[in-house]
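Given next are the chains, with one letter for each unit.
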Amino acid sequence: MKQYRFKTTIIVAMSICCAVLFASCTGNFEELNTHPTNPDPTKDMTEAERVGTLIPSMLYLIHNFQENQNQMIEQMVGGQYGGYFATTNNWQGTNFGTFNPPANWVEYPFNTLFTKFYSNYLTIKEVTEGKGYVFSWVNIIRVAVMLRVTDTYGPIPYSKMGGGQFAVEYDSVEDIYHKMIDDLDESINALTVFLEENKGKKIPIAEFDLIYDGDFSKWVRFANSLKFRMAVRIANVDTDYAKVVMTKAIAAGVIESNGDNAFLPTTDNPYYKASNDWGDLAMNAMMSAYMNGYSDPRRSVYMLKTADDVYRGVRIGIPNINKGIYGTAQYSKPAFKKDSPLLVYCAAETFFLKAEAALQGWIPGGTSQSKIYYEQGITTSMEQHGVAIGTYLAGTTSATRYNDPNGNVNAPSFSSITVSWDHGSATTTMKLEKIITQKWLANYPLGFEAWADHRRTGYPQMITAQSNLSSANSIGSITNSKTRLVRRLPYPVSEYSGNTQNVEAAVANLLGGADTGATDLWWARKN
């Protein structure tokens, strides 16, 4: 039987055949989910290839690589609400940054992440009969993708998914987190047994693993790290449970080395394309304000200098923004190259998670150990990006004010946090702000993580949108926009038309508020 080896060309194949690999939700899986070179699946492909060809598209839903999907999800939503980017195209006066996106934009992340993932997931579940190491691996990917969906919208269908139907009941966010962690535990256990039983053996599916090249010991570490991330997210509202999850995840082994960082490769980086080819994307004013204030050595790695030789971002929320001004070299663009990989998880995040957990008493160590983790996180990030840390850890300066050379969109001072752990107030609140702010800088460009941290902690402190154009006709009124920004996205119109009873029940019984952008998710509520 002929076998096809195409890992080196799979990214190109996905770029050309994206509509094929991202199977539609029509259920026409046999026709759509085919080998990139289109052989007869029953004659020319091994079982590993029949399943494996579906996996890269699922991986790229953890961090979208396709240019339009990346722009609509990572750049417009996560990138802006997470404080990393500002979009510079006016799009007829609509923008997530001004809180007035059109309805089809609001539903785009749901329809892309949720629907496209499950189309391929259901096929893999059928082929594997819902068991084995491949299915365990895919369930880790499932959690990574669905975490993005629930953190964006709130309650979603989760426990009832997998039977072939999309119109199923929703789960509460609390139940989703618990079930996801249970699913990760099952996958971790199964892969651990698989690794022990197959030492030294070749893994048939490895060529389709674009992150770890079939090294499932690293996927186990990734799964434990994902558990840790999730446990910290919910620790303020589900403390006892979260503490148990944290302890087990750390003991089992989390990502603490840059050699274990998770990246997805690209040959046509979507951030590069949006900023350099389209002129639609600039750095957020927050990034330049913080990094300039700290003289952060990662500035040249994250952003380009302007024509006047400074680092200067763009404030979000400028109504009818003109990319002929804000998309030019007057403002810093992201410093990605065409082949820059897409971050999924970095070791620095683990140390900041530990720093927060120790500070809050969720794991042992207290403030003194929290400082150690905090400084390890910063050091690890600097090493990841290949820059000299210098005296950064002793820094006593804070974010600069943002001054815009065009228009009245300057911003007042917004944060007094310094880098030095011991500088300034010794309160837990001040220490927490330092941790989350440095975690935000290290996690660039993971906007959805930054947005989640801001919603649950209030940090990093943000330069608010210049204008608030929210209304009941879009995502609802964001009435306290100076401090709270958008808290979630409303459910898609497609859910109200195709899953009516279940989405209405979710809003009435599980969401905890109106289906608008102003309603807090479960883990973001204050006790």
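Residues numbered from 1 in each chain as written. Predicted model: local features only at pLDDT ≥ 70, side-chain atom pairs only at ≥ 80, totals over all residues. Heavy atoms only, no water.

1. Focus: the confidence of the model for the chain
Detail in the predicted coordinates should be disregarded across regions flagged by low pLDDT.
For step 1, the next point in the chain: Confidence in the prediction for the chain averages 90 pLDDT; 90% of positions are at 70 or higher.
For step 2, the next point in the chain: Contacts from residues 1-8, a stretch scored under 50 in pLDDT, to residues over four places away or in other chains number 27 contacts.
For step 3, the next point in the chain: pLDDT under 50 marks residues 16-43. Its contacts with residues more than four places away, or in other chains, come to 48 contacts. (pLDDT = per-residue confidence, 0-100. Contact = heavy atoms within 4.5 Å.)

2. Focus on the environment of G424
For step 1, the next point in the chain: Looking at the element boundaries, G424 is found in the loop between α19 (366-384) and α20 (428-442).
For step 2, the next point in the chain: The exposure class assigned to G424 is exposed, which follows from its relative accessible area of 52%.
For step 3, the next point in the chain: For the pair G424 and T396, spaced 28 residues apart in sequence, the C-alpha separation works out to 8.5 Å. (Helix = DSSP H or I, 4+ residues; strand = E, 2+ residues; numbered from the N terminus. Buried < 20%, exposed > 50% of the residue type's maximum accessible area, 1.4 Å probe, protein only.)

3. A short note on the packing of aromatic side chains
For step 1, the next point in the chain: Scanning the model with the defined rule gives 41 aromatic pairs in all.
For step 2, the next point in the chain: A ring pair is formed by Y81 and F99, whose centres lie 6.3 Å apart and whose planes are at 50°; its orientation type is tilted. Of this pair, Y81 sits in helix α7 (residues 67-81) while F99 sits in the loop between β1 (85-87) and α8 (103-106); the two residues are 18 residues apart in sequence, bridging distant segments of the chain. The burial state of Y81 is the same as that of F99; both residues are buried.
For step 3, the next point in the chain: Measuring from centroid to centroid gives 4.8 Å for Y326 and Y331, while their planes differ by 35°, and the two rings are tilted. (Phe/Tyr/Trp six-rings, centres within 6.5 Å; stacked < 30°, edge-to-face > 60°.)

4. Overview of the packing of helix α9 (residues 108-128) against helix α10 (residues 133-153)
For step 1, the next point in the chain: Orientation of α9 relative to α10, taken along the N-to-C sense of each, is 160°, at an axis distance of 10 Å. As the angle between them shows, α9 and α10 are arranged roughly antiparallel. Once α9 is placed against α10, the crossing between them reads as left-handed. Only V134, F135, V138, N139, I141, R142, V145, M146, R148, V149 and Y153 of α10 make contact with α9, whose side of the interface consists of Y108, P109, F110, L113, F114, F117, Y118, Y121, I124, K125 and T128.
For step 2, the next point in the chain: Broken down by class, the residue content of the contact of α9 with α10 amounts to 17 nonpolar, 2 polar and 3 charged. (Axes fitted to C-alpha atoms, helices over the stretch in contact; angles between N-to-C directions. Parallel < 35°, antiparallel > 145°, perpendicular 65-115°, else oblique. Left-handed = near helix turned anticlockwise from the far one by under 90°. Nonpolar A, V, L, I, M, F, W, Y, C, P; charged D, E, K, R; others polar.)

5. Concerning α19
For step 1, the next point in the chain: For α19, with 19 residues, the first-to-last C-alpha span of 27 Å sits near the 27 Å given by 1.5 Å per residue.
For step 2, the next point in the chain: When α19 is considered as a whole, its buried residues turn out to be S370, Y373, Y374, G377, I378, T380, S381, M382 and Q384.
For step 3, the next point in the chain: Packing partners of the buried residues in α19 comprise β2 (262-264), α16 (299-302), α18 (347-359) and α20.
For step 4, the next point in the chain: G386, located one to two residues past α19, shows a positive phi value of around 70°. (Expected span 1.5 Å × (residues − 1).)

6. Some words on unusual backbone geometry
For step 1, the next point in the chain: A cis amide bond links Y444 with the next residue in sequence, P445, at an omega value of 5°.
For step 2, the next point in the chain: With respect to the helices, strands and loops of the structure, P445 is situated in the loop between α20 and α21 (447-457).
For step 3, the next point in the chain: Of the consecutive residues Y459 and P460, the connecting peptide bond is found in the cis state with omega at -5°.
For step 4, the next point in the chain: Tracing the chain through its elements places P460 in the loop between α21 and α22 (493-498).
For step 5, the next point in the chain: Unlike most non-glycine residues, W91 shows phi in positive territory, near 45°.
For step 6, the next point in the chain: Checked against the element boundaries, W91 lands in the loop between β1 and α8.
For step 7, the next point in the chain: Positioned with a positive phi, D309 is a non-glycine residue whose angle comes to about 70°.
For step 8, the next point in the chain: Assignment of secondary structure puts D309 in the loop between α16 and α17 (323-326).

7. Examining the pattern of salt bridges
For step 1, the next point in the chain: In the structure shown here, the tally under the stated rule is 25 salt bridges.
For step 2, the next point in the chain: The shortest N-O distance in the salt bridge between E196 and K199 comes to 3.5 Å.
For step 3, the next point in the chain: By relative accessible area, which is 52% here, E196 ends up exposed.
For step 4, the next point in the chain: By relative accessible area, K199 is classed as exposed at 61%. (Salt bridge = Lys/Arg side-chain N within 4 Å of Asp/Glu carboxyl O.)

8. Some thoughts on the side chain of E495
For step 1, the next point in the chain: Tracing the backbone shows E495 in helix α22.
For step 2, the next point in the chain: No salt bridge is formed by the buried E495; the nearest opposite charge belongs to R488, separated by 10 Å.
For step 3, the next point in the chain: One polar contact links E495 to Y170, side chain to side chain, over a distance of 2.5 Å.
For step 4, the next point in the chain: Apart from residues no more than four positions distant in its own chain, E495 is found in contact with F110, Y170, T500 and V503. (Lys, Arg positive; Asp, Glu negative; His and termini not counted. Polar contact = N/O pair within 3.5 Å; in protein donor to acceptor, adjacent residues only side chain to side chain.)

9. A closer look at the environment of V51
For step 1, the next point in the chain: Tracing the chain through its elements places V51 in helix α5 (residues 47-52).
For step 2, the next point in the chain: Counting along the chain gives 298 residues from V51 to E349, while the straight-line C-alpha distance between them is 32 Å.
For step 3, the next point in the chain: The residues touching V51, leaving out its near neighbours within four places in the chain, are I124, V127 and V134.

10. Comments concerning helix α15 (residues 285-293)
For step 1, the next point in the chain: Of all the 9 residues making up α15, 8 are buried; the element is thus mostly covered by neighbouring parts of the structure.
For step 2, the next point in the chain: Here α15 has its buried residues at A285, M286, M287, S288, A289, Y290, M291 and G293.
For step 3, the next point in the chain: Close packing links the buried residues of α15 with β3 (281-283), α16 and α20.
For step 4, the next point in the chain: Near the N-terminus of α15, the side chain that reaches the backbone nitrogen of M286, with its oxygen 2.8 Å away, is that of N284.

11. Focus on the packing of helix α12 (residues 216-234) against α18
For step 1, the next point in the chain: Orientation of α12 relative to α18, taken along the N-to-C sense of each, is 35°, at an axis distance of 10 Å. Both α12 and α18 take part in a crossing whose hand is left-handed. From α12, S225, F228, R229 and V232 reach across to α18, where they touch E349, T350, L353, K354 and E356.
For step 2, the next point in the chain: Among the residues forming the contact of α12 with α18, the class breakdown is 3 nonpolar, 2 polar and 4 charged.

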